[in-house]
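# Residue-level structural notes
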Amino acid sequence: MIKAGIIGGAGYTAGELIRILLNHSKVELVFVNSTSNAGNKLYDVHGGLLGETEMGFTDQLPYDKIDVLFFCTAHGDTKKFLEANELPKHLKIIDLSTDYRHKTEGNKFVYGLPELNKEQIKEASYIAKPGCFATAIQLGWLALATAGLFNSEKH
């Protein structure tokens, strides 16, 4: 069983992630962090979770109880958090913000599009989830590139 935690649990992306993780047979959702909602039930913020769980938001970060940590933070906040906090080495990080999608010096995140980076994702400790628009565009371009349609000088 993979044990997961979420930072930034009050936003739309987190609500969808919570729903997926609660219904995944191989994942146990250990905590959902939101300092502004600590003590409230998840369904108080994510109404669609009413009847799915009695779990509440927490302001705690029990890293020692999880294997993977998801960041559903506002853009820029994941980077700030990781720069200010030392996380356990065993912890896998999956960032759903835009902070680590672009390859820059010192960025150890793998771009999480399986159609492009399947093998790297399997081994990665840090994964940056691509955005929905980027994924749709890249999958279309990937199909054209795989078919060799970018090798022509014709326009």
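This section reports on the structure supplied with the text.

Conventions used here
- Residues numbered from 1 in each chain as written.
- Predicted model: local features only at pLDDT ≥ 70, side-chain atom pairs only at ≥ 80, totals over all residues.
- Heavy atoms only, no water.
- Buried < 20%, exposed > 50% of the residue type's maximum accessible area, 1.4 Å probe, protein only.
- Helix = DSSP H or I, 4+ residues; strand = E, 2+ residues; numbered from the N terminus.
- Arc of directions from axis to C-beta.
- Salt bridge = Lys/Arg side-chain N within 4 Å of Asp/Glu carboxyl O.
- Patch = residues over 30% accessible without salt bridge, like charges linked within 9 Å, V, L, I, M, F, W, Y side chains within 5 Å.
- Areas by Shrake-Rupley, 256 points an atom, 1.4 Å probe, with all protein chains shown as cover.
- Phe/Tyr/Trp six-rings, centres within 6.5 Å; stacked < 30°, edge-to-face > 60°.
- Pairing = 2+ DSSP bridges.
- Right-handed = clockwise from strand over helix to strand, strands pointing away.
- Polar contact = N/O pair within 3.5 Å; in protein donor to acceptor, adjacent residues only side chain to side chain.
- Contact = heavy atoms within 4.5 Å.

Within helix H3 (residues 77–84), burial applies to Thr78, Phe81 and Leu82. Seen end-on, H3 carries its buried residues on one side only, within an arc spanning 95°. In H3, the exposed positions angled more than 90 degrees off the buried face are occupied by Lys80, Glu83 and Ala84.

The tally for this structure, following the rule as stated, stands at five salt bridges. Of the charged contacts in the structure, one is a salt bridge between Lys41 and Glu54, with a shortest N-O distance of 3.8 Å. Remark: Glu54 occurs in the loop between helix H2 (42–45) and strand S3 (68–71) and Lys41 occurs in the loop between strand S2 (27–33) and H2; sequence separation between them is 13 residues. Note that Asp77 is salt-bridged to Lys80, the shortest N-O span being 4.0 Å. Of this pair, Asp77 and Lys80 both sit in helix H3, three residues apart, which is roughly one turn of the helix.

Before going further, it helps to examine a nonpolar patch on the surface. Residues Ile137, Trp141, Leu144, Leu149 and Phe150 make up a contiguous nonpolar surface patch of roughly 510 Å² in combined accessible area. With respect to the helices and strands, Trp141 occurs in helix H5 (residues 132–146).

Before going further, it helps to examine the packing of aromatic side chains. Taken as a whole and judged by the stated rule, the model has three aromatic pairs. On the basis of an interplanar angle of 10° and a centroid distance of 4.1 Å, the ring pair of Tyr100 and Phe109 is categorised as stacked. Each member of the pair Tyr100 and Phe109 is classed as buried. By way of ring pairs, the aromatic residues Tyr100, Phe109 and Tyr126 are connected into one cluster.

Quick look at the pairing of S2 now. Of all seven residues in S2, five are buried, a share of seventy percent or more. Sheet topology note: the strand S1 (residues 2–7)/S2 ladder contains six bridges and is parallel. When the sheet's bridge partners are listed, Ile7 is paired in S2 with Asn33. Remark: the S1/helix H1 (residues 12–22)/S2 crossover connection has right-handed handedness.

Another aspect to go through is the side chain of His46. Following the sequence through the fold, His46 ends up in the loop between H2 and S3. Note on His46: relative accessible area 9%, which makes it buried. For His46, the side chain forms a polar contact with the main-chain oxygen of Gly9, separated by 2.7 Å. Setting aside anything within four residues of it in sequence, one finds His46 in contact with Gly9, Ala10, Gly11, Gly15, Ile18 and Phe57.

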